[in-house]
Amino acid sequence: MLRLPVIGERVGPYLIAGLLGRGACGIVYKAIEIDRSSALKLMNPAMAGSASAMARLKAEARALMGAPSHLCLSKFKDFFEHPGIGSWCLITDLVDGMTLDQFFEKKGPMTVTSAVELFSELAEGIAALHRAGFLHRDIRPENIMVSNPSRRLVLLDFGLATAVADHSLEAWEADQRAEQTLVRMQINPEADLAAMSAGMKRRTLLARTLVTEPDLLLLDEPTNHLDLAAIGWLEDF
């Protein structure tokens, strides 16, 4: 039968030092092994009989084990079943700080420079996760920690993360590129190509080429069919 550990109790080699958070499916504790602090996550007793909750915890462990090492991604340490509390325990590095929504509520908005720097680094971590074959699927301020003292953003809670086959990931990334390119080129995805003007047809064909990420792109008089904003974007493509 699943029960919650008490402060000061040992769960395997870890000493329970305090409660960090509680969610619908899981509860997270601060745990200490010798002189190192970790986060210990186990199932919420309210979900003890739920096969889906157990599957979610195991899926989170698999995703963390398969995730690449990156400063902006939660780091896997251990996953084991502890009969004393009747639950599997997921151990990750403890990130000291506050969640992103708590940060904004307490500190207010970031400067543009800080936001670009921090979120660019986080985006690199998410891209590395995608290249490893995983989608997080639950990226929101409550699942992003602003760490102390570095103020680095760290993505937590991989409970909804999904492993995808390489071809599925490539298709997903292609869909994202197509959507972003349509927005940048101001093209209506529902428009009828045959009914477009000659200029819009050329713009659409260019957009289709850009989605394939060509190594070399030669344009003949692009100013005839593109506005300055689109040309500026192409220069950085």
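Coordinates for the structure precede this section.
The present account deals with the structure reproduced in this document. Remember, it's a predicted structure, so these values are computed and weren't measured experimentally.

A look at the overall build of the protein chain
Helix and strand counts for the protein chain stand at six helices and 11 strands. Looking at the protein chain as a whole, 36% of its 237 residues qualify as buried. In the protein chain, of all internal contacts separated by at least 6 residues, the share reaching a separation of at least 24 is 52%. Accessible surface, the protein chain: about 13900 Å² in total, of which carbon and sulfur atoms supply 54%.

Structural notes on the pairing of strand β3 (residues 26-33)
Direction of pairing for strand β2 (residues 14-22) relative to β3: antiparallel, over a ladder of six bridges. Across the sheet, residue R22 finds its bridge partner in β3, namely I27. Joining the antiparallel neighbours β2 and β3 is a turn of three residues. Direction of pairing for β3 relative to strand β4 (residues 36-43): antiparallel, over a ladder of eight bridges. Bridging from a neighbouring strand, E33 pairs with R36 of β4. Once β3 ends, the chain turns through two residues before running back antiparallel as β4, passing I34 with a positive phi of about 60°.

Digging into the packing of aromatic side chains
Applying the stated rule across the entire model yields three aromatic pairs. Residues F79 and W88 carry aromatic rings whose centres are separated by 4.9 Å and whose planes lie at 25° to one another, so their mutual orientation is stacked. The exposure class assigned to F79 is buried, which follows from its relative accessible area of 18%. Using a relative accessible area of 24% as the deciding quantity, one classes W88 as partly exposed. Seen from their ring centres, F103 and F104 are 6.0 Å apart, and the 70° between their planes marks the pair as edge-to-face.

Quick notes on unusual backbone geometry
A cis amide bond, omega -5°, links N148 with the succeeding residue P149. By the element assignment, P149 lies in the loop between β9 (144-147) and β10 (153-155). Even without a glycine there, the phi angle at R151 is positive, about 60°. Inspection of the secondary structure puts R151 in the loop between β9 and β10. Its identity as a non-glycine residue notwithstanding, D157 has a phi of 50°, on the positive side. Take D157: it is sitting in the loop between β10 and β11 (162-163).

Considerations on the sheet that holds strand β6 (residues 87-93)
Reading across from one edge, β1-β2-β3-β4-β6-β5 is the order of the six strands in this open sheet, with antiparallel pairing throughout. Strands at the two margins of the open sheet, each flanked by one partner only, are β1 (10-11) and β5 (76-82). Strand contacts of helix α1 (residues 51-66): β4, β5 and β6, with the helix running at about 30° to β6, the strand carrying the most contacts.

Remarks on the side chain of S74
Along the polypeptide, S74 turns up in the loop between α1 and β5. Overall, the relative accessible area of 10% leaves S74 in the buried class. Those residues within four positions of S74 in sequence are excluded, and the remaining contacts are L64, T92, V154, L155, L156 and F158.

Here we look at the environment of A161
Note on placement: A161 falls in the loop between β10 and β11. Expressed as a C-alpha distance, the spacing of A161 and I139, which sit 22 residues apart in the sequence, is 10.0 Å. A161 has contacts with A63, L135 and H136, leaving out every residue within four places of it along the chain.

What counts, and at which threshold
- Within each chain, residues carry numbers counting from 1 in the order of the written sequence.
- It should be noted that, the model being predicted, local features are given only for residues of pLDDT at least 70 and side-chain atom pairs only at 80 or more, the latter also being counted only at that level, while totals for whole chains, interfaces and linings use all residues.
- Working from all heavy atoms in the structure, the side-chain values ignore hydrogens and water.
- Helix and strand definitions here come from DSSP, where helices need a minimum of 4 consecutive H or I residues and strands a minimum of 2 consecutive E residues; each element is numbered from the N-terminal end.
- Using a 1.4 Å probe on the protein chains alone, a residue whose accessible area is under 20% of its type maximum counts as buried, one over 50% counts as exposed, and one in between counts as partly exposed.
- Note on definitions: a residue-residue contact is assigned when non-hydrogen atoms from the two residues lie within 4.5 Å.
- Working definition of accessibility: Shrake-Rupley area with a 1.4 Å probe, residue cover restricted to the visible protein chains.
- Here the rule is simple: two strands pair whenever DSSP picks up at least two bridges between them.
- Within 6.5 Å between ring centres, the rings of Phe, Tyr and Trp (the latter by its six-membered ring) count as paired, and their orientation is classed by plane angle as stacked under 30 degrees, edge-to-face over 60, tilted in between.
- A fitted line through C-alpha atoms represents every axis, and for helices the fit uses only the stretch in contact; the resulting angles, taken between N-to-C directions, go from 0 to 180 degrees.

In short, the description is geometric, and any link to function would need to be established separately.
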